[in-house]
Every structure is written in structure tokens, then in C-alpha cells.
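Breakdown of the fold
Given next are the chains, with one letter for each unit.
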Amino acid sequence: MELVVYNTSGKETGRTVQLDEAIFGIEPNQHAVYLEVKQYLAAQRQGTHKSKERSEITASTKKLKKQKGSGSARYGDIKSPTFRGGGRVFGPKPRDYRFKLNKALKRLAKKSVLSQKMRDNSIKVLEAFNFEAPKTKEFITLNNALGFEGKKSLYILPEANKNVYLSSRNLPKTTVLTYNEISSYDLVHAGEIVFLEGAIEKFQENLRK
């Protein structure tokens, strides 16, 4: 399996890169993708929700009426959950929503997304490039040259590049990450995926471990 390498003008360079069939050509496992995306989104939750229970309400503890003889229900104090302003029954408490997944399943999820993206022709390989200074206008020109105008795009770099990152930061539909920062959520969220030439082999090597 091969992909053509493009230059920053959106033209073919005549070079190709070899892709591993075991990564980009498998039958996608949708459930594995679902689990990793669920794990990613769960980890983003702060889990700081909290409501006060009966014992945490500041109010009088006086019994509202005598236990018997009133002809109506038996009441305790004003902090009872049956009264407005009383404590909440089984209310939310602070908690950590994160959960674990084994590495094999996470690798399978990434392979599944990449294989589906290959079927959709949504993966490109771009020759290495750099900006002399952060220039959003230059990144917009690059996006347009690759045909990504109005589309969500993910650029995967072989190593951190401050100028490239800063040039893309103001573009709401463009994300720039290094190859070892990628999650299945990033791959699913992106409409188009662009590997820089030096990142594709490193990324494949990570998934073979």
C-alpha cells in the first residue's frame, strides 16, 4: 500500500511512502473506536458536580410538628428532602470519570480509524516544511492548496514545531499535533489527515509495538 507525497503547493512530488497493510488496511472495529473515544471524552470531564445532602444543609433542626395527632404526614426538620431548600436525595458527588483500556485495544482503535480514513481517501502525506515565522496566512494558503478549504484537518508532525503550531492556532478547523500525541478521538474528529513525510514511519512504528 502506497501514498503519493505532496508538496506545499498541493502538487505530487513523484515520491511515495509505503504504508503497513496491518495498520491502514484492516477491517475497522467500530466498538474499539467507540471505547477509546468514550475514554477520551470521559477524561475531559471535571467531575466537580456536587449537591448538598440533608446533613450538609444549614437550617433549624427543630421538629416541625408533633409525631402523632395532627392528622397529616409525620415531619422531621425543615432540611427534609420533601421541602423546598431541603437536602437532595442521592445527589451528584465529585468523582473521577476516567477509566482504563488496554494498549492493544487502543492500538486497534487507531488502526480502525486510519483504515476507514484510507477507504474514504482522507489521508495525505506532505513533504517536510517549515515557516520562518508564525504566519496564519501561510497556513491558510497551504490548506487551500491541499483542497481543505472549509474542512477539518489534522496535521501530524514528526516533532514539535513552534512556528507551524502558532501559524495554525487561530484556525478553528485545523489541528497540529506530533505523532506521539494522537488519540483515536483526534483521528475521528478530523475530516482530513495529513502526515508529514517524517512522521508517517514514526507513527507506524508506534502502532507496531
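Scoring rules and cut-offs
Residues numbered from 1 in each chain as written. Predicted model: local features only at pLDDT ≥ 70, side-chain atom pairs only at ≥ 80, totals over all residues. Heavy atoms only, no water. UniProt positions renumbered as here; feature names shortened; annotations may be inferred. Helix = DSSP H or I, 4+ residues; strand = E, 2+ residues; numbered from the N terminus. Rg over C-alpha atoms; globule rule 2.2 N^0.38 Å. Buried < 20%, exposed > 50% of the residue type's maximum accessible area, 1.4 Å probe, protein only. Contact = heavy atoms within 4.5 Å. Salt bridge = Lys/Arg side-chain N within 4 Å of Asp/Glu carboxyl O. Phe/Tyr/Trp six-rings, centres within 6.5 Å; stacked < 30°, edge-to-face > 60°. Lys NZ or Arg CZ within 6 Å of the ring centre and 35° of its normal.

Where an unreviewed UniProt entry is consulted, the protein appears under the name Large ribosomal subunit protein uL4, with the organism given as Chryseobacterium manosquense. Quoted straight from UniProt, the Subunit (unreviewed entry) entry for the protein says "Part of the 50S ribosomal subunit."

This part takes up the overall build of the protein. Of the regular secondary structure elements, the protein holds seven helices and six strands. Secondary structure elements of the protein occur, N-terminal to C-terminal, as β-β-α-α-α-β-α-β-α-β-α-β-α. In terms of C-alpha radius of gyration, the protein reaches 27 Å, well past the compact-globule figure of 17 Å for 209 residues. Once the C-alpha set of the protein is aligned to its principal axes, its extents read approximately 95 × 40 × 25 Å. The burial tally for the protein puts 37% of its 209 residues in the buried class. Long-range pairs, those at least 24 residues apart, make up 68% of the contacts in the protein between residues at least 6 apart in sequence.

Across the chain, the bulk of peptide bonds are trans and the bulk of non-glycine residues have phi less than zero. If you check the backbone angles, Phe 90 has positive phi at about 50° while not being a glycine. Note that Phe 90 resides in the loop between α2 (30-44) and α3 (103-119). In this structure Phe 90 comes out as exposed when scored by relative accessible area, which is 79%. Despite not being glycine, Asn 121 shows a phi value in the positive range, around 55°. Within the fold, Asn 121 resides in the loop between α3 and β3 (123-126).

The subject of this paragraph is the pattern of salt bridges. A complete count under the given rule lists 13 salt bridges for this structure. Note that Arg 54 and Asp 77 form a salt bridge whose closest N and O atoms lie 3.6 Å from each other. One end of the pair, Arg 54, is in the loop between α2 and α3; the other, Asp 77, is in the loop between α2 and α3, and 23 residues separate them in sequence. Taking the shortest distance from any N to any O, the salt bridge between Glu 201 and Arg 208 comes out at 3.1 Å. Glu 201 sits in the partly exposed class, given a relative accessible area of 40%. The network of salt bridges with common partners includes Asp 20, Glu 201, Glu 205 and Arg 208.

This brings us to the packing of aromatic side chains. Evaluation of the coordinates by the stated rule reveals seven aromatic pairs. Judged by centre distance (6.3 Å) and plane angle (75°), the ring pair of Phe 24 and Phe 195 falls under edge-to-face. With Phe 24 in helix α1 (residues 21-24) and Phe 195 in strand β6 (residues 192-196), this residue pair connects regions lying 171 residues apart in the sequence. Comparing Phe 24 with Phe 195, the two get one shared label, buried. Taking the centre distance of 6.0 Å and the plane angle of 70° together, the rings of Phe 131 and Phe 139 count as edge-to-face. Both residues of the pair, Phe 131 and Phe 139, count as buried. One aromatic cluster is present, built from ring pairs that chain together Phe 129, Phe 131, Phe 139 and Tyr 155. Positioned above the aromatic ring of Tyr 97, the side-chain terminus of Arg 95 is 3.9 Å from the ring centre.

This part takes up the side chain of Ser 80. Assignment of secondary structure puts Ser 80 in the loop between α2 and α3. Excluding its chain neighbours within four sequence positions, the residues that come into contact with Ser 80 are Arg 54, Gly 86 and Gly 87.

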